[in-house]
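# Remarks on the overall topology
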Amino acid sequence: LRASDGSLLYRGRGDAQVQLRGFRVEPGEVAAVLARHPAVSQAVVLARQRSADGLAGDLVLTAYFVPERSSEELEARQELRQWLARHLPPYMLPAVFVQLDALPLTSQGKLDVRALPDPWEEEEQASAPSSSHLPPQGALEQVLAQAWAEALQVPRVGRDDSFFDLGGHSLLALQVLTWVRETFEVELPIRQLFEQPTVAGLARALRRERGEAVETDAEALLEILSLSDDEVAAELEEEVPR
């Protein structure tokens, strides 16, 4: 833009491109792929800050979508994540999905961004404890649930809770799978978490790779995790030859 005195004024980017964890992402491209899902009528993807205790947090992609009237209610989060994971790289996948009856519009017929619901309230409701919460089963699931709870900074993780509904994103998914590789010596692709984003699903994948040996390793790790610092020090002292 040129001012009256002839100087140039910079007004910022002319597109909606954002930088997320080192990658440049165009949310409109993600929305276009999401809208191609046969059960999605309309979709919009925005970069929004995750709120935590009233404070601004990480900038993450949030997908709002309207399902086709003729379609049955989607198992939205998991089904749409699997769809997008087949068409986009992990860093372009939304962390939160919000289903709407219709996209809010202004009087001029444009998207009313301010009228979109708070995605974090949706997420809290989706992950709130309920009678359907199933605790991890077996040592392997317990170890995985503890690792997820630490990575996601949540008090507990059920065996069927979605990694992404609890606040996970592609970078945290990579960190978790790196921990899995170092702990259980199993290399899993990041798509594993996007296609089966639960503790139970990850445990099944590990058993397919290593059989019951992975459960034995988990039992040993669970026993170590249950020890206090003093007990760990005593164990190490006994192992060191005098």
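For the structure itself, consult the block above.
Since the model is a prediction, treat every value here as computed from it, not as a measurement. (Residues numbered from 1 in each chain as written. Predicted model: local features only at pLDDT ≥ 70, side-chain atom pairs only at ≥ 80, totals over all residues. Heavy atoms only, no water.)

## Structural notes on helix 1 (residues 27-35)
- Buried residues of helix 1: Pro27, Val30, Ala31, Val33 and Leu34, and no others. Buried residues along helix 1 cover an arc of 160 degrees about the axis, so they all sit on one side. (Buried < 20%, exposed > 50% of the residue type's maximum accessible area, 1.4 Å probe, protein only. Helix = DSSP H or I, 4+ residues; strand = E, 2+ residues; numbered from the N terminus. Arc of directions from axis to C-beta.)

## A few points about the nonpolar core
- Judged by nonpolar contacts, the single largest core of 53 residues is most densely connected at Leu84, Leu144, Trp148, Phe163, Phe184 and Leu206.
- By residue number, the principal contributor to this core is helix 4 (residues 138-152), which donates 8 residues.
- In this view, Leu144 contacts Trp179, Val180, Phe184, Val199, Leu202, Ala203 and Leu206; residues no more than four positions away in its chain are not counted.
- With 11 residues, the next largest nonpolar core counts Val44, Val66, Leu100 and Leu103 among its residues. (Core = buried A, V, L, I, M, F, W, Y, C linked by side-chain atoms within 4.5 Å. Contact = heavy atoms within 4.5 Å.)

## A short note on the packing of helix 5 (residues 170-184) against helix 8 (residues 213-225)
- For the pair helix 5 and helix 8, interaxial distance at closest approach is 11 Å and the crossing angle is 95 degrees. The pairing of helix 5 with helix 8 is recorded here as roughly perpendicular in orientation. Contacts between helix 5 and helix 8 involve Trp179, Thr183 and Phe184 from the first element and Val214, Asp217, Ala218 and Leu221 from the second.
- Class assignment of the residues belonging to the contact of helix 5 with helix 8 gives a composition of 5 nonpolar, 1 polar and 1 charged. (Axes fitted to C-alpha atoms, helices over the stretch in contact; angles between N-to-C directions. Parallel < 35°, antiparallel > 145°, perpendicular 65-115°, else oblique. Nonpolar A, V, L, I, M, F, W, Y, C, P; charged D, E, K, R; others polar.)

## Some remarks on helix 8
- Between its first and last C-alpha atoms helix 8 spans 19 Å; for 13 residues at 1.5 Å apiece the expected length is 18 Å, and the two agree.
- For helix 8, the set of buried residues is Val214, Glu215, Ala218, Leu221 and Leu222. All buried residues of helix 8 project into a common sector of 120 degrees when viewed along the axis, lining one side.
- At its buried positions, helix 8 is contacted by helix 4, helix 5 and helix 7 (199-210). (Expected span 1.5 Å × (residues − 1).)

## Digging into the side chain of Glu215
- With respect to the element layout, Glu215 can be found in helix 8.
- For Glu215, a relative accessible area of 11% translates into the label buried.
- Only 3.4 Å separates the side chain of Glu215 from the side chain of Arg207, close enough to count as a polar contact.
- If sequence neighbours within four positions are ignored, Glu215 has contacts with Gly138, Ala139, Leu140 and Arg207. (Polar contact = N/O pair within 3.5 Å; in protein donor to acceptor, adjacent residues only side chain to side chain.)

## Structural notes on unusual backbone geometry
- Non-glycine residue Gln153 carries a positive phi angle of around 60 degrees.
- Considering the arrangement of structural elements, one finds Gln153 in the loop between helix 4 and helix 5.
- Given the relative accessible area of 72%, Gln153 is considered exposed.
- Unusually for a residue other than glycine, Glu185 sits at a positive phi of about 55 degrees.
- Take Glu185: it is sitting in the loop between helix 5 and helix 6 (191-195).
- The class of Glu185 is exposed, set by a relative accessible area of 69%.

## Section: the layout of surface pockets
- Put simply, the second largest pocket is a space of about 190 Å³.
- As for the second largest pocket, its lining consists of Val143, Gln146, Ala147, Glu150, Ala151, Gln175, Val176, Trp179, Leu221 and Leu225.
- Secondary-structure elements contributing two or more residues to the lining of the second largest pocket are helix 4, helix 5 and helix 8.
- Top contributing element to the lining of the second largest pocket by residue count: helix 4, with 5 residues.
- Among the residues making up the lining of the second largest pocket, the classes are represented as 7 nonpolar, 2 polar and 1 charged. (1 Å grid on protein atoms, 1.4 Å probe; cavity = no way out; pocket = protein on both sides within 12 Å on 5 of 7 lines; lining within 4 Å. Points joined across faces, edges and corners; volume = space filled by probe spheres on them.)

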